[in-house]
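Structural characterization, general
Listed below, chain by chain, are the residues.
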Amino acid sequence: MHSHEQQFFNELAERWDELRALNHVKITYLIQLAGVSEGDNVLDAGTGTGVLIPFLAKAVGESGSVTALDFAEAMVAKAAQKNAHLSGVGYIAADIMKYQPKHCYSKVICLNFFPHVKDKPAFLSQVRRLLVPNGSLVIMHDISRQAVNSIHKASEAVKEDRLPPSFIVAEMLQQSGFAIEEAFDNEEIYFVKGKVIGKQ
Ligand SMILES: C[S@@+](CC[C@H](N)C(=O)[O-])C[C@H]1O[C@@H](n2cnc3c(N)ncnc32)[C@H](O)[C@@H]1O
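Keep in mind it's a predicted model, so treat the numbers as computed, not measured.

Taken together, 19 residues form the shell around the ligand, and within it Arg20, Gly46, Asp70, Leu111 and Asn112 come nearest. Between glycine 46 and the ligand, the recorded distance is 2.8 Å, taken from a backbone N or O atom to a nitrogen atom. Looking at the shell around the ligand residue by residue, the classes come out as 11 nonpolar, five polar and three charged.

Regarding helix α3 (residues 24-34), the residues found buried are Lys26, Ile27, Leu30, Ile31 and Ala34. Angular distribution of buried residues about the axis of α3 spans 135°; they occupy a single face of the element. For α3, the exposed residues lying more than 90 degrees away from the buried face are Val25 and Gln32. Residues of α3 that are buried sit in contact with α4 (53-60), β4 (105-111), β5 (131-141) and β7 (190-196). You can read the cap of α3 off the contacts: a side-chain oxygen lies 3.0 Å from the backbone nitrogen of valine 25, and it is on asparagine 23. Two residues or fewer past α3, glycine 35 is found with a positive phi of approximately 75°.

Now for the packing of aromatic side chains. Within the structure shown, the criterion is met by six aromatic pairs. With a centroid separation of 6.0 Å and an interplanar angle of 55°, the aromatic rings of phenylalanine 114 and phenylalanine 123 are classed as tilted. For the pair phenylalanine 114 and phenylalanine 123, a shared accessibility class is recorded, and that class is buried. Among the aromatic side chains, those forming a connected cluster through ring pairs are Phe8, Phe9 and Trp16. One residue, lysine 120, lies across the ring of phenylalanine 114, its end atom 5.0 Å from the ring centre.

Cut-offs used in this document
- Residues numbered from 1 in each chain as written.
- Predicted model: local features only at pLDDT ≥ 70, side-chain atom pairs only at ≥ 80, totals over all residues.
- Heavy atoms only, no water.
- Near = heavy atom within 4 Å.
- Polar contact = N/O pair within 3.5 Å; in protein donor to acceptor, adjacent residues only side chain to side chain.
- Nonpolar A, V, L, I, M, F, W, Y, C, P; charged D, E, K, R; others polar.
- Buried < 20%, exposed > 50% of the residue type's maximum accessible area, 1.4 Å probe, protein only.
- Helix = DSSP H or I, 4+ residues; strand = E, 2+ residues; numbered from the N terminus.
- Arc of directions from axis to C-beta.
- Contact = heavy atoms within 4.5 Å.
- Phe/Tyr/Trp six-rings, centres within 6.5 Å; stacked < 30°, edge-to-face > 60°.
- Lys NZ or Arg CZ within 6 Å of the ring centre and 35° of its normal.

Given below as structure tokens:
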């Protein structure tokens, strides 16, 4: 049984890349800020059509891995089709809240995903489970917070999916057992990074 939002994103999959402007310089900068590097095992949470995958695959290199996860199967299919030439990439159609992988990740990256998370404390606990000790969660957007919220406001399916200011999200992360490494937002981007603490 699909949720309303899952259905919404499944229906958007074919048109997503046309609707979404992709600024390579900005994404490269965000990946650098996130500190994704050689050997990282990265979970791309809410991958959509996998716009981040080529950037992540390049950054993690041969010794790392990328797992692209989305609960809209049509999005995952599109991501897999577009990136079939890349090795070291796995595709998972699942709700992140129910995802139980065999191995933990060194980084969980959320690009334009966090506003869609309904129960944010439960999500942050789940991300703690998904990360290795000292692993990092990155919540980022390649547009401003104002732009995210006005796009969502205009759409019935996601109109309640708001992105709070970065300092509020940083506080949420702190309350859920993350040490903040970076938290800011401006007219171009939004970026919060936290390292999981107290996990053995
Ligand atoms: C706004 S899109 C962003 C896609 C991509 N990261 C990008 O920036 O182009 C958000 C994605 O999150 C997915 N999503 C929302 N809630 C989810 C959940 N609970 N588990 C997995 N995926 C989810 C949606 O299906 C959608 O593809």
